[in-house]
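Listed below are the residues making up each chain.
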Amino acid sequence: MKVIELKNIVKTYPGVEALKGISFAVEKGSIHGFLGPNGAGKTTSMSIIAGLSSPTSGQVFINGKELGREKSPIGFLPETPPLYEQMKVFDYLKFVAEINNVARSELSCRVLEIGKKCGLTKVMQRLIGNLSKGYRQRVGIAQALVFDPEIVILDEPTVGLDPNSIMEIRELITSLKKDHTIMFSTHQLHEANLICSHITIINHGIILQSGPIGEIGKSLKNRQVIRAVVRDWQIIEPAMVLSEIKDLFPCDNVEIKKLDGQTELKFIAETDDDLRPSVSAYLLQKNCGLLSFTEEGMDLEEIFKRVAGQ
Amino acid sequence: MGFSRGIWILYKKEVKDYFLSPLVYILTGLYSLIIGWLFFNYLVASKDLTTANLSQSILIPLFGNMNFIFLFLAPLLTMKVFAEEKKLGTLNLLLRSGLTDWQIIFGKYFATFTVTVFMISMTFLFPIILGFSGYHDWGLVISCYLGLFFCLLSYLAVGMFVSSITSNQIIAAILSFSILLGFMLMVFSVNATHLSLVRDLFQYLSVPFHFEGFVRGAIKNFNILYFFCFSGMFLYMTRKSLESRYW
Ligand SMILES: Nc1ncnc2c1ncn2[C@@H]1O[C@H](COP(=O)(O)OP(=O)(O)O)[C@@H](O)[C@H]1O
Ligand SMILES: [Mg+2]
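Given the structure is predicted, the values throughout are model-derived calculations rather than measurements. (Residues numbered from 1 in each chain as written. Chains lettered and ligands numbered in written order. Predicted model: local features only at pLDDT ≥ 70, side-chain atom pairs only at ≥ 80, totals over all residues. Heavy atoms only, no water.)

### Quick look at the overall build of chain B
Assigned secondary structure in chain B consists of 12 helices and zero strands. The linear arrangement of helices and strands in chain B, starting from the amino end, is α-α-α-α-α-α-α-α-α-α-α-α. Overall, chain B is about 60 × 45 × 35 Å in size when its C-alpha atoms are taken along their principal axes. Across the 247 residues that make up chain B, the buried fraction comes to 50%. Computed over 16 positive and 10 negative side-chain charges, the inter-centroid distance for chain B is 7 Å. (Helix = DSSP H or I, 4+ residues; strand = E, 2+ residues; numbered from the N terminus. Buried < 20%, exposed > 50% of the residue type's maximum accessible area, 1.4 Å probe, protein only. Lys, Arg positive; Asp, Glu negative; His and termini not counted. Charge placed at Lys NZ, Arg CZ, Asp CG, Glu CD.)

Listed below in structure tokens is the structure:
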């Protein structure tokens, strides 16, 4: 089921077309990574979904209902957490819960529960203005969760934090999966790879890919990388290998690396055909003492480089 | 969440914020000092201690000054109301919450009004002091305070509107002061024209003209109506400005 659906969203700022007609959907119960370099349009898209700005054209559906001017029940952490420095963490979270219609009888216990979830128990009575960046970010996340919204949107929740905080916040996001649908933006592919079940890749206001993380990898499978390690190899010029195999099977590039006593060969081809039989036949025919033979899957880093380059 | 409950939640927070910052105490101290000094001087200068005389020589000029000083102070109180929240990004927290725009506006409006009442609270002593010397026109005292409150509510409404259109507090303060001064000066431009219609219009639009009615103890319906319309218009414009986030 789609909890968030964008249809052909265009957003123009004076002189800039930040979103050029983007469409994608977020599935219920998923952790949806929204991936793109700086200036891609992530924040713009997310604030439209959160109801903070209206698109120039296009529609947003939240749980099948078109987003209008009425307030959407979405927990939202903007790029800079909306914090009142002069308030104590407990009072702040209680205030946010109160203005978001949490019943008066539940307030305190809800705040304590969220505080615990977000690792804030120790700092509940401290002023927000005195907290470290990592804690402030956690208060920001707690603020988005405290009224128990079904959908939670986090705009670059780990940016600018120290490695420990990053790990903890990633764990926190993963732990939210049980009860919420989460969409978060990041410009780190590695991060999306770690915690997301779905991703949407955006660049220059255009959606490049969107879907389950596995499928996106697969849809880009038209590039094959076959890695072979052999014992006896004389040719060091990739061009010579290429000319040898030119008639046997399609291959765009060959990389040759000498490792102590062994040689690593990489055959890279832009094709949907499976090259493994052809490559192995070629290597056997060379009688070079094949030690290992693997197909390398592409990780997100590579996917992104490729998608962005298209 | 009921309408007044929403206002109350925000009101509590805002009042607490105001009283946590030193600004309120500094302004209150300054205000009390100036008004106390004026009161003392008027008191020393007045020779006859009849009630009519005390009203003329102390109460009326004193309230004129109490009102006038807020022309400068009100913009300092209201400048941060929306401008600061815009800058910090917290305004969106309120706008996205279960609070309606009107609840946000009234919560903040009443909170700043509470602060101004706190600021003038020291002056409640003056009528009591006058009472010791036999002063007893309490109706006029109440009327003066009523007029002052209405003026304050008008100033705050202007300040809130201006604060809602900028995220720069300094600009907010200067702009709302200019607007308030404009309404104040209208009464002087009355003499600059011979057209009675224009004169009446200018006079009717200016704040001091209506305040005067209260201070003379002659409150007319249209004086009260004027203040309601004046504040109402600026609060309405504030709402429009908050809404403009959708544009
Ligand atoms: N308020 C704005 N006014 C004008 N241009 C803007 C505004 N906000 C964003 N942009 C432009 O829109 C594009 C997308 O920005 P943004 O959504 O913030 O990207 P991201 O969050 O992916 O880094 C950028 O080119 C940015 O300069
Ligand atoms: Mg951004």
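Once the structure has been displayed, the description carries forward.
### Comments concerning the packing of helix α4 (residues 80–88) of chain B against helix α8 (residues 138–164) of chain B
All names here are of chain B. Contact geometry of α4 with α8 gives a least axis separation of 6 Å together with a crossing angle of 20°. With respect to α8, the axis of α4 lies roughly parallel. In the packing of α4 onto α8, the handedness of the crossing is right-handed. Taking contact as the criterion, the partners of K80, V81, F82, A83 and K86 in α4 are, on α8, M160, S163 and S164. Here the contact of α4 with α8 is built from residues that sort into four nonpolar, two polar and two charged. (Axes fitted to C-alpha atoms, helices over the stretch in contact; angles between N-to-C directions. Parallel < 35°, antiparallel > 145°, perpendicular 65-115°, else oblique. Left-handed = near helix turned anticlockwise from the far one by under 90°. Contact = heavy atoms within 4.5 Å. Nonpolar A, V, L, I, M, F, W, Y, C, P; charged D, E, K, R; others polar.)

### Digging into the sheet that holds strand β4 (residues 57–62) of chain A
All names here are of chain A. Within the open sheet, the four strands sit side by side as β2-β1-β4-β5. Their pairing is antiparallel. Edge strands, defined here as strands with exactly one partner in the open sheet, are β2 (16–27) and β5 (65–66). Pairing of β4 with β5, which is carried by two bridges, proceeds in the antiparallel orientation. Bridged to I62 within β5 is K65. (Pairing = 2+ DSSP bridges.)

### Digging into the site of ligand 1
All names here are of chain A. Neighbouring residues of ligand 1: Y13, A18, P37, N38, G39, A40, G41, K42, T43 and T44. Taking A40, its main chain carries an N or O atom lying 3.2 Å from an oxygen atom of ligand 1. Interatomic distance of 2.8 Å between a backbone N/O atom of K42 and an oxygen atom of ligand 1. Relative to its unbound accessible surface of 560 Å², ligand 1 loses 62% to contact with the protein. Per element, the largest residue contribution to the shell around ligand 1 is three residues, and it comes from helix α1 (residues 42–49). Of the residues assigned to the shell around ligand 1, the class counts are four nonpolar, five polar and one charged. (Near = heavy atom within 4 Å. Polar contact = N/O pair within 3.5 Å; in protein donor to acceptor, adjacent residues only side chain to side chain. Areas by Shrake-Rupley, 256 points an atom, 1.4 Å probe, with all protein chains shown as cover.)

### Things to note about the sheet that holds strand β10 (residues 206–212) of chain A
Residues and elements named next belong to chain A. What the six strands build is an open sheet, ordered β6-β7-β8-β3-β9-β10; its pairing is mixed. Each having just a single partner strand, β6 (74–77) and β10 make up the two edges of the open sheet. The average undirected angle you get between the axes of adjacent strands in this sheet is 15°. Across the sheet, α1 lies against β3 (31–35), β6, β7 (151–154), β8 (181–186) and β9 (198–203), angled at about 155° from β8, the strand it touches most.

### Thoughts on the coordination of the magnesium ion (ligand 2)
Residue and element names in this part refer to chain A. Taken together, T43 (OG1) and E79 (OE) make up the protein donors of the magnesium ion (ligand 2), found 1.9 to 2.2 Å from the metal. A residue pair is termed long-range when its members are at least 10 positions apart, and T43 in helix α1 and E79 in the loop between β6 and α2 (89–99) qualify at 36 residues. With relative accessibility at 30%, the residue T43 sits in the partly exposed group. Note on E79: relative accessible area 44%, which makes it partly exposed. (Donors = N, O, S within 2.8 Å, 3.2 Å for Na, K, Ca; no water.)

### Digging into the layout of surface pockets
The volume enclosed by the largest pocket comes to roughly 720 Å³. In terms of lining residues, the largest pocket is bounded by 34 residues, among which L52 of chain A together with L91, N92, L93 and R96 of chain B are the most central. Of all the elements in the fold, those that place two or more residues in the lining of the largest pocket are α1 and β6 of chain A together with α4, α5 (90–96) and α12 (221–243) of chain B. Looking at the lining of the largest pocket, the element that brings in the most residues is α5 of chain B, giving five residues. Considered class by class, the residues forming the lining of the largest pocket number 13 nonpolar, 13 polar and eight charged. (1 Å grid on protein atoms, 1.4 Å probe; cavity = no way out; pocket = protein on both sides within 12 Å on 5 of 7 lines; lining within 4 Å. Points joined across faces, edges and corners; volume = space filled by probe spheres on them.)

### Let's talk about the environment of E243 of chain B
Residue and element names in this part refer to chain B. Checked against the element boundaries, E243 lands in helix α12. A residue is classified by how much of its surface remains accessible, and E243, at 13% relative accessible area, is buried. Along the primary structure E243 and V141 are separated by 102 residues, whereas in three dimensions their C-alpha atoms are 40 Å apart.

### Here we look at the packing of aromatic side chains
Residues and elements named next belong to chain B. Following the criterion strictly, the structure yields 33 aromatic pairs over all chains and no others. Centroid distance F68 to F72: 5.6 Å. Interplanar angle 80°. Geometry classified as edge-to-face. In this pair, F68 and F72 are both assigned in helix α3 (residues 51–78), four residues apart and thus about one turn of the helix distant. The class for F72 is partly exposed, based on a relative accessible area of 41%. (Phe/Tyr/Trp six-rings, centres within 6.5 Å; stacked < 30°, edge-to-face > 60°.)

### Digging into the pattern of salt bridges
Within the structure shown, the criterion is met by 23 salt bridges over all chains. The partner of K16 of chain B in a salt bridge is D91 of chain A, and the shortest N-O contact between them spans 3.9 Å. With K16 of chain B in helix α1 (residues 3–20) and D91 of chain A in helix α2, this residue pair bridges two chains. Of the charged contacts in the structure, one is a salt bridge between E14 of chain B and K108 of chain B, with a shortest N-O distance of 3.1 Å. Of the two residues, E14 of chain B sits in helix α1 while K108 of chain B sits in helix α6 (residues 101–120), which places them 94 residues apart along the sequence. Across this residue pair, the class does not change: E14 of chain B and K108 of chain B are buried. Among the ionic contacts, a cluster of salt bridges with common partners joins K13, E14, D17, E85 and K108 of chain B. (Salt bridge = Lys/Arg side-chain N within 4 Å of Asp/Glu carboxyl O.)

### Comments concerning the domain arrangement of chain A
Here chain A is partitioned into domain 1 (1–73 + 150–217), domain 2 (80–145) and domain 3 (220–298). Between the C-alpha centres of domain 2 of chain A and domain 3 of chain A there is a distance of 56 Å. (Domains from an automatic or database assignment.)

### A word on unusual backbone geometry
Residue and element names in this part refer to chain A. Here N101, not a glycine, exhibits a phi torsion of approximately 70°, which is positive. Take N101: its relative accessible area is 45%, and that puts it in the partly exposed class. The backbone of D148 sits at a positive phi, close to 55°, despite the residue not being glycine.

### Some points on the nonpolar core
Of all hydrophobic cores here, the largest spans 120 residues; its most connected members are Y92 of chain A together with Y155 of chain B. The greatest single-element share of this core, amounting to 16 residues, is contributed by α8 of chain B. When residues are assigned to domains, this core turns out to be shared by domain 1 (1–73 + 150–217) and domain 2 (80–145) of chain A, each giving three or more. If we ignore the near neighbours within four places in the chain, the residues touching Y92 of chain A are P82, L83, Y84, M87, I128, V139 and Q143 of chain A together with L93 of chain B. V3, I49, L52 and I202 of chain A belong to the second-largest nonpolar core, a separate cluster that totals 25 residues. (Core = buried A, V, L, I, M, F, W, Y, C linked by side-chain atoms within 4.5 Å.)

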